[in-house]
Amino acid sequence: MSTREAFLANVRTAVAEGNRAGNIPSHPGRSKVGYQGAGDDPVSKFCTEFTLAGGFPFVAEDDDAAWRKIEEIIRRHNTKNIVIGVGEVMDRLIPAGRLSDLVGTSIVTCSDSGEGNPNTKTDKLINLSPRKADKETYFGSDLGISTVEHLIAETGTVVMATRPDQPRSISLLPPVHIAIARRSQILPDLFDLFDLFSPTAETSSPPACLTLITGPSKTGDIELKLVTGVHGPGEVHVIIVD
Amino acid sequence: MPTTEHATNPYATHEHHDFVPAVERALADAPLQVALGRLTDTLMAGNRRGFGSFAESSQLRDQAKAIKEHTLAHLDRYLEQLEASIHRLGGKVHYAADAEEARQIIVRIAKETNSKLVVKSKSMTTEEVHLNPAIEAAGIEVVETDYGEFILQIANERPSHLVAPAVHHTRESIAKVLGEHVGEKLPNDPKSLAMVGRRVLREKFRKADMGITGANFAVAETGTVVLVTNEGNGRLTTTCPRVHVALMGIEKVIPRFTDLPVFLKILARGATGQTLSVYTTVITGTRRPGEQDGAEEFHLVLLDNGRTKVLGTPFRESLQCIRCGACLNACPVYRRIGGHAYGGVYSGPIGSILTPLYDSVTLNPHLPHASSLCGACQAACPVKINIPRMLIGLRELQHKKKPSRLENWAYGTWSFVLRHPWLYRAALKVSKWLSRPFSRDGWLRKLPAAGAGWTSVRDFPAPADRSFRDRWKEMNP
């Protein structure tokens, strides 16, 4: 018998032995137990919970306000190297040239082709040539700007799903992460997220990696004193636009 | 000096069967007592807040328990389904019957993938199989990346709590250990110490070939492996290296993708009171075509190592444990003696069950008794494991293995006396008279002969001057 066969045979025997006592429960299935939802105002619920977790939410009244917030964060950190994700909302908020107008800032797009965000084209104008991101770029970056897959109001959570133009590193390696979300992306409850990605006849498999981010990276390993940013970003912003 | 104390504590560096001396040492360690009080008070307050503020948390915990019960009753089927799902995604599944096989499999994967540097995120299962020495013996560098585990690795110690492994360290002892490691004199403030860790470990992540993790859950239906961390090292370990190996006890499988939120909602609440831990990483296979990061190769190692021995017995319930540490924080015994005293990899109430079952009932005679059976562990447990029941079960097992004639005689006599009221009354009078010379302030602190075994470790209440029966008679003439 191969190791695998012997291993599974052992499990089978033990299962049968233990089940002899009877009373074998069936799977309880999906129920509404523990569904908390977000109440009347999911945006404010998200902001409350995300703040409690140590994150910085910002509800922008319009695209201009969103951009001003992004600019303020970039300037405050004296940012040199930005990695930026790709998406429709990104093109809208950060149109061509805007980031590169911040003198001395180099921008690297996460787009697979090195294109897809208008910034990459205009960067050439100020001699900061756009590059397709590689591992070293991410390790050397000061700030990541990404879109999100969803927000979860119940827990104050940012959900990232892997795609070719939205790598895991963008929300992981830079010390500051700005996530841009649209109101329509808010889900009330954690249950809703797993329902959405549960495999059905049409969709065979969840994405390679779903990451749920609830606040900045934290450790309490030194005398239980809370320290942020030990591995992941120490500062996480969520900017919510329409 | 606390710093040298920690460095030389033999119970911090090795597993052992010396429960009593280890307890005495822990009780005499003043900094440890401070740290344990701080940790367990904070986390228990979190546990109560987490469940208390969550409507239906009790019913949700029942549901989580039911899913675990169901899974364990069909574990063979779900393991095969998990294997099929992982194969479909291009991953490989390995079967390790014991610790030695697990070590061999993982070292072989490291060699076959030509890995020179391995990073690890926190995993009690890899502690259980003593993985690191085996990887180092193969000439491969292995680095723990959870901050607490990293400190323990460079101090050559073992974890003393499921979620706060370095709780026995102070900021001074961490500054000393880490300072020696990097060859600098470090300040004592937590932020600076954490950032030194970040700097050192970032370099390791940049160069690592292989990442080893445990698994909080694995979903049979989708082949998904879930990691929960607060620091983000679990994400780095699965994002930067090209190979990802997850080592997992067979009991960690759950049937469906939609079962995950049931457990995620109670895991962090039970552990720390957070609604969710900072990072929940839900990994389904390797990086897909066109993606820029994430492992290109995935291996899941399924570990038995004594679990099937337990699966067929009334101790099966212990396999429902999701390793949150709540029972440790709640336990009046753990709160005083800490994790190292227990001797095994797993400590606290759940460790008092797992260590005798996986290691040896005979070699760990004290563990099932390191409990007042107060039930605080069960009340705090997210899946409501009936730990007291199993501790009593282990005591029964000990008795069956090694019946004590003295104990049989004592309980036989006790039973006879209880069945004869006149004899009980007489015995009470005699014991009151006999114990008078030893009693002070209502307590017997030092008994001679056979009684010394009891009073050497605990006090015994002295018989009252007037018995309850006498007082009852007076009040109801």
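Residues numbered from 1 in each chain as written. Chains lettered and ligands numbered in written order. Predicted model: local features only at pLDDT ≥ 70, side-chain atom pairs only at ≥ 80, totals over all residues. Heavy atoms only, no water.

J.: Which residues make up the overall build of chain A, and what values do they have?
T.: Per the secondary structure count, chain A includes seven helices and 12 strands. Out of the 242 residues in chain A, the part that is buried amounts to 56%. Of all intrachain contacts in chain A linking residues separated by at least 6 positions in sequence, the fraction that spans at least 24 positions is 73%. Put simply, chain A shows about 9,700 Å² of open surface, and 51% of that area lies on carbon and sulfur atoms. (Helix = DSSP H or I, 4+ residues; strand = E, 2+ residues; numbered from the N terminus. Buried < 20%, exposed > 50% of the residue type's maximum accessible area, 1.4 Å probe, protein only. Contact = heavy atoms within 4.5 Å. Areas by Shrake-Rupley, 256 points an atom, 1.4 Å probe, with all protein chains shown as cover.)

J.: Go over the interface of chain A and chain B, please, and point to the residues and values.
T.: Counting residues at the interface gives 83 residues for chain A, matched by 101 residues for chain B. Buried area between chain A and chain B, both sides added, is near 7,500 Å², and the carbon and sulfur share of it is 58%. Sorting the residues of chain A by area buried against chain B places A:Phe7, A:His27 and A:His231 first, and these three jointly supply 11% of that buried surface. Where chain A meets chain B, there are eight salt bridges. With a closest N to O distance of 4.0 Å, A:Arg12 and B:Asp76 form a salt bridge. Where chain A packs against chain B, one counts 41 residue pairs in polar contact (both at pLDDT 80 or more). Secondary structure elements with two or more residues in the side of chain A that touches chain B: α1 (3–19), α6 (135–139), α7 (190–197), β9 (209–213), β10 (218–219) and β11 (227–228) of chain A. Of the residues forming the side of chain A that touches chain B, the biggest block, 12 residues, is contributed by α1(A). Looking at the side of chain A that touches chain B residue by residue, the class counts come to 38 nonpolar, 27 polar and 18 charged. (Buried area = accessible area lost by both parts, 1.4 Å probe. Salt bridge = Lys/Arg side-chain N within 4 Å of Asp/Glu carboxyl O. Polar contact = N/O pair within 3.5 Å; in protein donor to acceptor, adjacent residues only side chain to side chain. Nonpolar A, V, L, I, M, F, W, Y, C, P; charged D, E, K, R; others polar.)

J.: Pulling in residues and values, what's your account of the nonpolar core?
T.: By size, the foremost hydrophobic cluster in this structure holds 105 residues, and its most contacted members are B:Leu260 and B:Leu302. If we skip the residues at most four places from it in the chain, B:Leu260 touches A:Phe194, B:Phe217, B:Val219, B:Val226, B:Ile254 and B:Val282. One finds A:Phe46, A:Ile240, B:Val119 and B:Cys240 within the second-largest nonpolar core, a separate group that totals 48 residues. (Core = buried A, V, L, I, M, F, W, Y, C linked by side-chain atoms within 4.5 Å.)

J.: Break down the pattern of salt bridges for me, citing the residues and quoting the values.
T.: All names here are of chain B. Taken as a whole and assessed by the stated rule, the structure comprises 42 salt bridges over all chains. With its nearest N and O atoms 2.9 Å apart, the salt bridge here joins Lys384 to Asp62. On the criterion of sequence distance, the pair formed by Lys384 in the loop between α19 (376–380) and α20 (387–401) and Asp62 in helix α5 (residues 57–73) is long-range, its members being 322 residues apart. We classify Asp62 as partly exposed; its relative accessible area is 39%.

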